[in-house]
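Now for the letters of each chain:
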2 protein chains.
Amino acid sequence: MHSCRFLRVPLFQPNALCFFSQTPHLLSVKPISSIPVRNFSSQMGSSPSSSSSKLLFRQLFEKDSSTYTYLLADVSHPDKPALLIDPVDKTVDRDLNLVRELGLKLVYAMNTHVHADHVTGTGLIKNKFPGAKSVISRASGSKADVLIEPGDRISFGDLFLEVRATPGHTSGCVTYVTGDEPDQPYPRMAFTGDALLIRGCGRTDFQGGSSKQLYESVHSQIFTLPKDTLIYPAHDYKGFSVSTVGEEMTYNPRLTKDLEEFKKIMENLNLAYPKMMDIAVPANLVCGLQDPAC
Amino acid sequence: MHSCRFLRVPLFQPNALCFFSQTPHLLSVKPISSIPVRNFSSQMGSSPSSSSSKLLFRQLFEKDSSTYTYLLADVSHPDKPALLIDPVDKTVDRDLNLVRELGLKLVYAMNTHVHADHVTGTGLIKNKFPGAKSVISRASGSKADVLIEPGDRISFGDLFLEVRATPGHTSGCVTYVTGDEPDQPYPRMAFTGDALLIRGCGRTDFQGGSSKQLYESVHSQIFTLPKDTLIYPAHDYKGFSVSTVGEEMTYNPRLTKDLEEFKKIMENLNLAYPKMMDIAVPANLVCGLQDPAC
């Protein structure tokens, strides 16, 4: 395990000079001194699919825990470098088979947070695909190859994800957001984990959860994104696959309320203790495997 | 019930002069005399999301029958006309609520075929949203407001779907494909019903099913589409959400075989009788409701 070696580029700092990808063969040094201001549409109902000739994107579902796993790759790059967000142990073979069929090179197996409802697939993936590195936030307290911090960029080919801290469901939750540059997918895509769900949000009653912190995270880190940004959560229980920032700012039944009302809602959910919690959390602190080298 | 009033435009007829939308207030007459030849990428791994500033697209899932319902709308049109493909009775309220939240005007509630595993939502939708018309193929033998035939175009605003006959799972199965014109979504999107599933296909042992016919349908009507065409099936049982023509031509474990081998595979599936069949099929012949005016 070692800490993140990415050059930290604070978000919204227009005069940062360069960033580095961690993987040497994909090393990229790019001037980003002049980020053009995009005329982002604020239309809530705009198309929920991102336009990019480089991006391959797949949304994958694990039925028992209603978890979404996301596969992203830069298919314009000779290596087709790819990453998986929130893989589940049960569906690792499905996911890796798809990676192979599509001719991708998996470089990162990432988590948005330490899950309490399923065991992460990152450890299994590393065993089966030794080149891949596990990624999670330093604030999660978990072991991983790469411990990310807010403002980091995770590069795969010419594409990258920004890391935003969105604690509140757990103290180490992050949201991964595609970059705000002309050659990155448009609209932007936000992988929100359990911080923001479609018309909902993750619970805040364990794992360092805080309803106040979650409210502030979503409002400061997600609702400040362009309204057409696509929301891809870690779970959905009603069959929705995607939403937008604009939709959630208008229709989310919890996060459209003021902070005090939100706190009351979260205090009165009366949810059952997660049946997988005592298995999943200890396992997920070590990539889903009792393997100190995860 | 009345038959389809669309002007029939045979597929791939480059000198057809115009087409009409059925709904008067959305009437559109467009010259399509000069369809440019697109440089379609044959790259199998290209991005599985369609680029169109006009299209709003949502994939919705019904867990019990593992059915995908699709919502498409032209959000560039003042009315935001929309259609639903393969809605399920149980999730009609979810779907219509989303339609309302997004400010869409539902014009069509369509089926790819007479389903045997769930009851269609088209009848309920018409009750709750009187402006919407039910759509199914004439070959299905079902009642509906609009009985479509191969080569028809189903217009919603400036966007349209082509109808392709893909019998074999049932004798009335069709595949809806987004248009092959510069202002239509790219890559193209094919809503294949149960004719072609991701790494699979629908069974062929009832409802006029024929393995030979299904094989010929998929090879002549779907595998002839550009390889980057996105495949959106009516079901998935493994958590996949989308595939491409290129992927299925390479990795579909059934349809990559020759006809004789395919027929043997289909004869030896030994599948159970669908538990919903005796309820779903009679209901689906009348839009899911015992209502002769469906």
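Residues numbered from 1 in each chain as written. Chains lettered and ligands numbered in written order. Predicted model: local features only at pLDDT ≥ 70, side-chain atom pairs only at ≥ 80, totals over all residues. Heavy atoms only, no water.

(A) View of the overall build of chain A. A count of helices and strands for chain A gives six helices and twelve strands. Looking at chain A as a whole, 63% of its 294 residues qualify as buried. Contacts in chain A between residues far apart in sequence, at least 24 positions, make up 65% of those at least 6 positions apart. Element-wise, carbon and sulfur atoms account for 55% of the exposed surface of chain A, whose accessible area totals about 10,800 Å². (Helix = DSSP H or I, 4+ residues; strand = E, 2+ residues; numbered from the N terminus. Buried < 20%, exposed > 50% of the residue type's maximum accessible area, 1.4 Å probe, protein only. Contact = heavy atoms within 4.5 Å. Areas by Shrake-Rupley, 256 points an atom, 1.4 Å probe, with all protein chains shown as cover.)

(B) Representation of the sheet that holds strand S8 (residues 159–165) of chain B in the model. Residues and elements named next belong to chain B. One open sheet holds the six strands; their spatial order is S7-S8-S9-S10-S11-S12, and the pairing between them is mixed. Each edge of the open sheet carries a strand with a single partner, namely strand S7 (153–156) and strand S12 (243–244). Across the sheet, helix H3 (residues 211–222) is in contact with S8, strand S9 (174–178), strand S10 (189–193) and strand S11 (230–233); its angle to S8 comes to roughly 145°. (Pairing = 2+ DSSP bridges. Axes fitted to C-alpha atoms, helices over the stretch in contact; angles between N-to-C directions.)

(C) Highlighting the pairing of strand S10 (residues 189–193) of chain A. Residues and elements named next belong to chain A. Of all the five residues making up S10, five are buried; the element is thus mostly covered by neighbouring parts of the structure. Along S10, one buried face is formed by Met189, Phe191 and Gly193 and the opposite face, lined by Ala190 and Thr192, is buried too. Bridging between strand S9 (residues 174–178) and S10 involves two bridges; their strand directions are antiparallel. Counted as the bridge partner of Val177 is Ala190 from S10. Direction of pairing for S10 relative to strand S11 (residues 230–233): parallel, over a ladder of four bridges. Note on S11: the bridge partner recorded for Gly193 is Pro233.

(D) Inspection of the packing of aromatic side chains at higher detail. Evaluated as defined, the whole model comprises 19 aromatic pairs over all chains. Seen in terms of ring centroids, Tyr215(A) and Phe262(A) are 5.3 Å apart; in terms of plane orientation they differ by 50°. Their pairing is tilted. Highlighted residues: Tyr215(A) in helix H3 (residues 211–222) and Phe262(A) in helix H5 (residues 259–267), separated in sequence by 47 residues. Overall, Tyr215(A) belongs to the buried group, its relative accessible area being 12%. Members of the aromatic cluster, each reached through a chain of ring pairs, are Phe57(A), Phe61(A), Tyr68(A), Tyr70(A), Phe191(A), Tyr232(A), Phe57(B), Phe61(B), Tyr68(B), Tyr70(B), Phe191(B) and Tyr232(B). Here Arg94(A) stacks its cationic end above the ring of Phe240(B), 6.0 Å away from the centre of that ring. (Phe/Tyr/Trp six-rings, centres within 6.5 Å; stacked < 30°, edge-to-face > 60°. Lys NZ or Arg CZ within 6 Å of the ring centre and 35° of its normal.)

(E) Molecular detail of the pattern of salt bridges. Evaluated as defined, the whole model comprises 36 salt bridges over all chains. Among the ionic pairs, Arg58(A) bridges to Glu247(B), the shortest N-O distance being 2.5 Å. One end of the pair, Arg58(A), is in strand S1 (residues 55–62); the other, Glu247(B), is in helix H4 (residues 245–251), on a second chain. Residue classification places Arg58(A) among the buried positions, given a relative accessible area of 2%. One network of salt bridges, with partners in common, ties together Arg58(A), Glu101(A), Arg199(B), Glu247(B) and Glu248(B). (Salt bridge = Lys/Arg side-chain N within 4 Å of Asp/Glu carboxyl O.)

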